[in-house]
Amino acid sequence: SNQPATKKAKRNKPVPEDYVCQACKNQITPPHWIYDCPNKVTERGCNQVAKKLRGLHDPASRKVFVSGLPFDATEGNVQRFFDAKMIEEGSSQLVHC
């Protein structure tokens, strides 16, 4: 399982003129996909830690998820809305938004 990473076969799709390889910033010629770049470092299994932890850390029980907000809604607007509603209903202040 700790075998060195091997590169896959080169891609057949032509590289567009405006494409920039993020591994070498096009310093290596001819133009190539990042997957074919000799400077690219491949670390097999580096994503698996995040997948293992996914779902283990649930949000706090008092956290509120709000959907359907307009795109221009800010955190402050949402907090002021909930603060106003809580004052109307006589509840305590919002801890954090």
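Each chain carries its own residue numbering, running from 1 in the written order of its sequence. Per-residue local features of the predicted model are confined to residues with pLDDT of at least 70, and side-chain atom pairs are confined, for both listing and counting, to 80 or more; whole-chain, interface and lining totals are unaffected and use all residues. Values shown for side chains rest on all heavy atoms present in the structure; no hydrogens or waters enter the calculation.

> Please set out the overall build of the protein residue by residue, giving values where relevant.
Counting from the N terminus, the helices are DSSP H or I runs at least four residues long and the strands are E runs at least two residues long. In terms of helices and strands, the protein carries 2 helices and 0 strands. In what follows, a contact means two residues having at least one pair of non-hydrogen atoms within 4.5 Å. Taking the intrachain contacts of the protein between residues at least 6 apart in sequence as the baseline, contacts between residues at least 24 apart amount to 22%. Areas reported as accessible are Shrake-Rupley estimates using a 1.4 Å probe. Residue values count occlusion only from the protein chains shown. Accessible surface computed for the protein: about 9000 Å², of which carbon and sulfur atoms make up 53%.

> Explain a nonpolar patch on the surface to me, using residue names and the numbers behind them.
The patches described consist of residues with a relative accessible area above 30% and no salt bridge, like charges being joined within 9 Å and nonpolar side chains (Val, Leu, Ile, Met, Phe, Trp, Tyr) within 5 Å. Put simply, a salt bridge is a Lys or Arg side-chain nitrogen that is within 4 Å of an Asp or Glu carboxyl oxygen. Judged by side-chain polarity, Val 64, Val 66 and Leu 69 come together as a nonpolar surface patch covering roughly 250 Å² of accessible area. Topologically, Leu 69 is positioned in the loop between helix 1 (48-53) and helix 2 (75-89). Here the term buried applies to any residue with accessible area under 20% of the maximum for its type, exposed to any over 50%, and partly exposed to those in between, with areas from a 1.4 Å probe on protein chains only. Overall, Leu 69 belongs to the partly exposed group, its relative accessible area being 42%.

> How would you explain the state of the cysteines if you had to name every residue and give the values?
Pairs of cysteine sulfur atoms within 2.5 Å are what we label disulfides. Applying the stated criterion across every chain yields a total of 0 disulfides. Cys 21 forms no disulfide, and the closest cysteine sulfur to it belongs to Cys 37, at a distance of 3.7 Å.

> Now, about the packing of aromatic side chains: what can you tell me, with residues and values included?
A pair of Phe, Tyr and Trp rings is counted when the ring centres sit within 6.5 Å of each other, with Trp represented by its six-membered ring. The angle between the planes then sorts it: under 30 degrees is stacked, over 60 is edge-to-face, the rest tilted. Counted according to the given criterion, the structure contains 2 aromatic pairs. Measuring from centroid to centroid gives 5.4 Å for Phe 81 and Phe 82, while their planes differ by 80°, and the two rings are edge-to-face. Taking the relative accessible area as the measure of exposure, Phe 82 reaches 26% and is therefore partly exposed.

> Report on helix 2, specifying residues and quantitative values.
Expected helix span is taken as 1.5 Å per residue step, with the number of steps being one fewer than the number of residues. Compared with an ideal rise of 1.5 Å per residue, which puts 15 residues at 21 Å, helix 2 spans 21 Å between its outermost C-alpha atoms and is within 8% of the ideal. Phi turns positive, to about 75°, at Gly 90, one or two residues after helix 2.

> Outline unusual backbone geometry, supporting the account with residue identities and numerical values.
Of the consecutive residues Thr 29 and Pro 30, the connecting peptide bond is found in the cis state with omega at 0°. On the secondary structure map, Pro 30 appears in the segment before helix 1. Despite not being glycine, Lys 25 shows a phi value in the positive range, around 55°. What makes Lys 25 partly exposed here is its relative accessible area of 48%. Phi at Asn 26 takes a positive value of approximately 65°, unusual for a residue other than glycine.

Scope: geometric values only; no functional claims are made or implied.
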